[in-house]
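# Tertiary structure, described
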Amino acid sequence: MPEPLEQDALARALALRVLRDAAIGDRLVVRARHGDGARDALGTLAARSATTVTIDTRRGPAEVPLADVVAAKPVPPPPAPRRPRP
C-alpha cells in the first residue's frame, strides 16, 4: 500500500494531467490548498497558463495557482433549471 505522501503525489500528478488535457470550456472541479485547508472551484475552464488555471464559477472567475492544486476532475453539466410550480 502506498505511503500517504506517495498517494498525495500521485493524486497531484493526476490532477495536473486532467488540467493539462482539458479543453477550454470543459467543466471541472479543482481543489487547491488555501491557508490551512483547501478550497474548491467548480465551473468551466476559461484559461490556462504555465502557472495557473482560471475556472469560471457561479461567483465569477477563480484563478488557481497550479502549485496549490491537490486534485481535479471533470464533472458533468449542471442539471437543467427546475420549472416553477404552479
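Heads up: these notes are all about the structure in this document.

The secondary structure content of the chain amounts to 1 helix and 5 strands. Along the chain, helices and strands appear, N-terminal first, in the series α-β-β-β-β-β. Oriented by its inertia axes, the alpha-carbon framework of the chain measures out at about 55 × 30 × 25 Å. Within the chain, buried positions represent 22% of all 86 residues. Accessible area for the chain stands at about 6700 Å²; split by element, carbon and sulfur atoms hold 56% of it. Of the side chains in the chain, 14 bear a positive and 10 a negative charge, and the two mean positions are spaced by 12 Å.

Note that strand β1 (residues 27-34) and strand β2 (residues 37-48) share 8 bridges and pair antiparallel. Within β2, the residue paired with H34 across the bridge is G37. Taking the residues between adjacent antiparallel strands as the criterion, β1 and β2 are bridged by 2 residues, where G35 takes a positive phi near 60°. Bridging between β2 and strand β3 (residues 52-57) involves 4 bridges; their strand directions are antiparallel. By the bridge assignment for β3, L45 is matched with I55. Counting the residues in the hairpin turn of β2 and β3 gives 3 residues.

Below, the discussion takes up the pairing of strand β4 (residues 60-65). Pairing of β3 with β4, which is carried by 6 bridges, proceeds in the antiparallel orientation. Of the residues in β4, the one forming a bridge with T52 is P65.

Looking at where T54 falls in the secondary structure, it is placed in strand β3. Sequence-distant contacts of T54, that is, excluding residues within four places in its chain, are made with T44, L45, A46, A47, P61, A62 and E63.

This part takes up the sheet that holds β3. The strand order β4-β3-β2-β1-β5 describes an open sheet built from 5 strands, whose pairing is antiparallel. At either end of the open sheet lies a strand with only one pairing partner, and these are β4 and β5 (69-74). With strand direction ignored, the average angle separating the axes of adjacent strands in the sheet is 40°. Sheet strands touched by helix α1 (residues 4-21): β1, β2, β3 and β5. Its angle to β5, the strand with the most contacts, is close to 50°.

Here we come to the nonpolar core. Ranked by internal contacts, the top residues of the largest apolar core, which has 14 residues, are L19, V30, V64 and V69. Among the secondary structure elements, those contributing two or more residues to this core are α1, β1, β2, β3 and β5. If you tally residues by element for this core, the top one is β1, at 3 residues. Among residues more than four places away in sequence, those in contact with V30 are L19, R39, D40, A41, I55, V64, V69, A71 and A72.

The rules behind the values
Residues numbered from 1 in each chain as written. Predicted model: local features only at pLDDT ≥ 70, side-chain atom pairs only at ≥ 80, totals over all residues. Heavy atoms only, no water. Helix = DSSP H or I, 4+ residues; strand = E, 2+ residues; numbered from the N terminus. Buried < 20%, exposed > 50% of the residue type's maximum accessible area, 1.4 Å probe, protein only. Areas by Shrake-Rupley, 256 points an atom, 1.4 Å probe, with all protein chains shown as cover. Lys, Arg positive; Asp, Glu negative; His and termini not counted. Charge placed at Lys NZ, Arg CZ, Asp CG, Glu CD. Pairing = 2+ DSSP bridges. Contact = heavy atoms within 4.5 Å. Axes fitted to C-alpha atoms, helices over the stretch in contact; angles between N-to-C directions. Core = buried A, V, L, I, M, F, W, Y, C linked by side-chain atoms within 4.5 Å.

Purely spatial values, then, with no claim about function.
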